[in-house]
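Remarks on the overall topology
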Amino acid sequence: MKTILITGGAGFIGSHLVRLMVNKYPEYHIVNLDKLTYAGNLTNLKDIEKMPNYTFVKADICDFERMKAIFEQYNVEGIIHLAAESHVDRSIKDPFAFAQTNVMGTLSLLQAAKIVWGDNFEGKLFYHVSTDEVYGALKNDGSFFVETTRYNPHSPYSASKASSDHFVRAFHDTYALPVKISNCSNNYGPYQFPEKLIPLFINNIRHNKPLPVYGTGENVRDWLFVEDHVRAIDLIFHKGKVGETYNIGGFNEWRNIDLIKVMVKITDRLLGRAEGTSEKLITFVPDRAGHDLRYAIDSTKLHEELGWEPSLQFEEGIEKTIKWYIANQDWLDQVTSGDYMRYYEEMYHV
Ligand code: NAD
Ligand code: DAU
């Protein structure tokens, strides 16, 4: 059985990827390596945790000796690296944690792979999952980020992700480590930690709490349903060219304020409230420091080379997502109360 190591598999995108890989590839042993920070939630994976081709390992990617030991113990042949500190607002408050995990953690994994794989990289692959934020911000002029857009990160989060991308490319150019990188736009869908815009606002609407819109709400994001992102990762992992970068995005730009109004409308309807009831919760608050104006991804390369395209229209995806959070209020309550953090001890008897 070929072992694929997925880091950050207890997080939002990672849990969707682990589920897809475990179900789709019984011939792979999927090892999910996660430190279980506040963002790691093993209840996201309840449905697959007993599958014979799945193993969970609690570990910190910054622990280099442990990473080497894990590569050796499981005979890891491929890695899909998602583990990261991922929230921009947290990076503004505590940049050190972002440099530590996103930069030093990625370097620790690269070095472990290089040492354990030795001189023979045949059949090996290091796939690094990154973000469109490394490219900086666009004006409202119809332009897009392409794979060759110059890196110009603004937040400590995006600076740390940019740095990790550079290390991945450096290991390819210096040591011939087989690598692939993808840079994706904003994801939405089930199991996203409710500090990010969409789940935070759904939860606040449900509890009649204020909806804090940063600045004027004019900022634009390009939203992609998380299952479409992990389908793209699967495709790139198996069919993408070694040494290449692929942009992933849905050609789906929304001004924050317009998106919020759509969410309010759908959530009110699904909660049985009169249309527009929750619009009064919209509250303009001081802007995020260094707030990037606009992100927009051109994913033509991924479409033309590998035939990928998003499967869901946004209207369908956002309604499906809001329905999921309303139907899974227990999940939201467990996350907001902190109860989910006890699941690992209960499940693994430690
Ligand atoms: P997330 O915050 O939901 O999950 C991150 C996971 O990494 C958590 O399970 C956490 O416990 C784990 N982790 C953190 N530090 C760790 C460490 N030191 N060692 C081991 N595990 C650790 O993040 P997400 O939104 O699922 O993002 C996953 C990846 O995708 C990140 O690399 C992020 O930069 C990238 N990305 C995210 C988006 C998005 O919209 N969310 C878009 C593009 C790219
Ligand atoms: O573009 C990809 C990136 O998308 C990922 O790399 C990051 O990991 C992910 O967190 C996300 O970053 P954003 O900063 O764009 O996502 P967030 O959900 O935090 O914010 C989306 C937009 O909404 C952004 O313009 C800020 C705004 N916002 C956010 C929050 C949490 C608000 O107006 N109010 C809020 O309370």
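Before going into details, it helps to say that this report is about the structure given with it.

Calculation rules
Residues numbered from 1 in each chain as written. Chains lettered and ligands numbered in written order. Predicted model: local features only at pLDDT ≥ 70, side-chain atom pairs only at ≥ 80, totals over all residues. Heavy atoms only, no water. Axes fitted to C-alpha atoms, helices over the stretch in contact; angles between N-to-C directions. Helix = DSSP H or I, 4+ residues; strand = E, 2+ residues; numbered from the N terminus. Parallel < 35°, antiparallel > 145°, perpendicular 65-115°, else oblique. Left-handed = near helix turned anticlockwise from the far one by under 90°. Contact = heavy atoms within 4.5 Å. Near = heavy atom within 4 Å. Polar contact = N/O pair within 3.5 Å; in protein donor to acceptor, adjacent residues only side chain to side chain. Areas by Shrake-Rupley, 256 points an atom, 1.4 Å probe, with all protein chains shown as cover. Nonpolar A, V, L, I, M, F, W, Y, C, P; charged D, E, K, R; others polar. Phe/Tyr/Trp six-rings, centres within 6.5 Å; stacked < 30°, edge-to-face > 60°. Buried < 20%, exposed > 50% of the residue type's maximum accessible area, 1.4 Å probe, protein only.

Let us look at the packing of helix α2 (residues 64-74) against helix α4 (residues 95-117). When two helices pack together, their arrangement is captured by the angle between the axes and the distance separating the axes. Where α2 meets α4, the closest approach of the two axes is 9 Å, and the angle between their N-to-C directions is 45°. With respect to α4, the element α2 is oriented oblique. Judged by the sense of rotation from one axis to the other, the crossing of α2 with α4 is right-handed. Contacts between α2 and α4 involve F64, M67, K68, F71 and E72 from the first element and S108, L109, Q111, A112, A113, I115, V116 and W117 from the second.

Okay, the site of ligand 1 next. Taken together, 28 residues sit near ligand 1, with I13, D34, S86, Y157 and K161 positioned nearest. Separating an oxygen atom of ligand 1 from a backbone N or O atom of G40 is a distance of 3.5 Å. T101 is positioned with one of its side-chain polar atoms (N or O) 3.3 Å from a nitrogen atom of ligand 1. Compared with its free state, where it exposes 840 Å², ligand 1 has 97% of that area covered by protein. Where the shell around ligand 1 is concerned, the elements lending two or more residues are α1 (12-24), β5 (125-131), α5 (156-175) and β7 (186-188). It is β5 that contributes the most residues to the shell around ligand 1, three residues altogether.

Moving on, we get to the packing of helix α10 (residues 314-327) against helix α11 (residues 329-337). At a minimum axis separation of 5 Å, α10 and α11 run at an interaxial angle of 70°. Regarding the angle of α10 to α11, the classification is roughly perpendicular. Contacts from W324, Y325, I326 and A327 of α10 reach α11 at Q329, W331 and L332. Class assignment of the residues belonging to the contact of α10 with α11 gives a composition of six nonpolar, one polar and no charged.

Here the focus is the packing of aromatic side chains. Enumeration over the complete set of coordinates arrives at 21 aromatic pairs. On the numbers, 5.8 Å between centres and 70° between planes, the contact of F56 with Y344 is edge-to-face. In this pair, F56 sits in strand β3 (residues 54-58) while Y344 sits in helix α12 (residues 343-348), placing the two residues 288 residues apart along the sequence. The buried category is assigned to F56, whose relative accessible area is 9%. The class for Y344 is buried, based on a relative accessible area of 14%.

The full set close to ligand 2 counts 24 residues, and T131, D132, Y157, R288 and H291 are the nearest of them. At a separation of 2.8 Å, an oxygen atom of ligand 2 approaches a polar side-chain atom of E133. L197 is positioned such that a nitrogen or oxygen atom in its backbone is 2.8 Å from an oxygen atom of ligand 2. Class assignment of the residues belonging to the shell around ligand 2 gives a composition of ten nonpolar, eight polar and six charged.

These figures come from the coordinates and say nothing about function on their own.
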